[in-house]
Amino acid sequence: TSAAVTIQGNATSGAVSVQAAAGGTIAIGSTTDAILNLGTGVTSNAITIGGTSTAGILTLGQSTVTNTINMGSANGTSATQTVNIAGGTSTTSGGKAVNIANGVPGTGTTNTVSIGTGGTAAAGTVAVTIGSNTAADHRVTIQGGNNASAITIQAAASGGINIGTN
């Protein structure tokens, strides 16, 4: 139908609640060509998906056709966008495992990871830090394949490459 439905609660922490029974599913925007906007008018506070004791899997995007998933990708003016992935502290056991483009590429395809590649000659600084140089047992492994240019370290024409310096 063409009718809009608005559900609005009061200003308390449990103003609107939608809950399925144990093992149940809540489907929002599950029809073809549906658009789901979540928190598009929020100017402060937070939008939380998942809880501190959520032991399952949270999936953001699982399309099998070409698609784009943007996180913190709006053009900012005098603002900082911070995207934290696995940033919490593991205090007793476990740790953090972050897998990026870890799937096996099919024939004729390429997995590409670009980090900090948006800088131009007239833009600000692009700084990329990989690993830690503290006194703990921290390690960085860079692996290449069977190609003549499997690992390339390259600076701009007037740039330099420093290894083992502080």
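Note that the coordinates shown come from a computational prediction; the quantities given were computed from them, not determined experimentally. (Residues numbered from 1 in each chain as written. Predicted model: local features only at pLDDT ≥ 70, side-chain atom pairs only at ≥ 80, totals over all residues. Heavy atoms only, no water.)

**Student:** Break down the overall build of the protein chain for me, citing the residues and quoting the values.
**Tutor:** Looking only at helices and strands, one finds 0 helices and 0 strands in the protein chain. For the protein chain, the C-alpha radius of gyration of 22 Å lies well beyond 15 Å, the compact-globule estimate for 166 residues. Counting only C-alpha atoms and orienting by the principal axes, one finds that the protein chain spans roughly 60 × 40 × 40 Å. Of all 166 residues assigned to the protein chain, the portion counted as buried reaches 0%. Within the protein chain, contacts between residues at least 6 apart in sequence are counted, and of these 0% link residues at least 24 apart. (Helix = DSSP H or I, 4+ residues; strand = E, 2+ residues; numbered from the N terminus. Rg over C-alpha atoms; globule rule 2.2 N^0.38 Å. Buried < 20%, exposed > 50% of the residue type's maximum accessible area, 1.4 Å probe, protein only. Contact = heavy atoms within 4.5 Å.)

**Student:** Could you give me a rundown of the pattern of salt bridges, with the residues and numbers involved?
**Tutor:** Under the defined criterion, the tally for this structure stands at 1 salt bridge. Between D137 and R139 there is a salt bridge, and its shortest N-O distance comes to 2.6 Å. Each of the two residues, D137 as well as R139, counts as exposed. (Salt bridge = Lys/Arg side-chain N within 4 Å of Asp/Glu carboxyl O.)

**Student:** Run through unusual backbone geometry, naming residues and quoting values.
**Tutor:** A positive phi angle, near 55 degrees, is found at S78, a position not held by glycine. In this structure S78 comes out as exposed when scored by relative accessible area, which is 81%. One non-glycine residue, A101, lies in the positive phi region at around 50 degrees. Under the relative-accessibility criterion, A101 is labelled partly exposed at 41%.

**Student:** I'd like to hear about the environment of T109, residue by residue, with values.
**Tutor:** According to the relative accessible area criterion, T109 is partly exposed, its value standing at 45%. As a C-alpha pair, T109 and N67 span 42 residues in sequence and 15 Å in three-dimensional space. Here G106 takes part through its backbone oxygen, which lies 2.6 Å from a polar atom of the side chain of T109. (Polar contact = N/O pair within 3.5 Å; in protein donor to acceptor, adjacent residues only side chain to side chain.)

**Student:** Please set out the environment of I26 residue by residue, giving values where relevant.
**Tutor:** I26 sits in the partly exposed class, given a relative accessible area of 41%. Excluding residues within four positions of it along the chain, I26 makes contact with V18, Q19 and A20.

Everything listed here is a matter of coordinates, which is why it stays silent on function.
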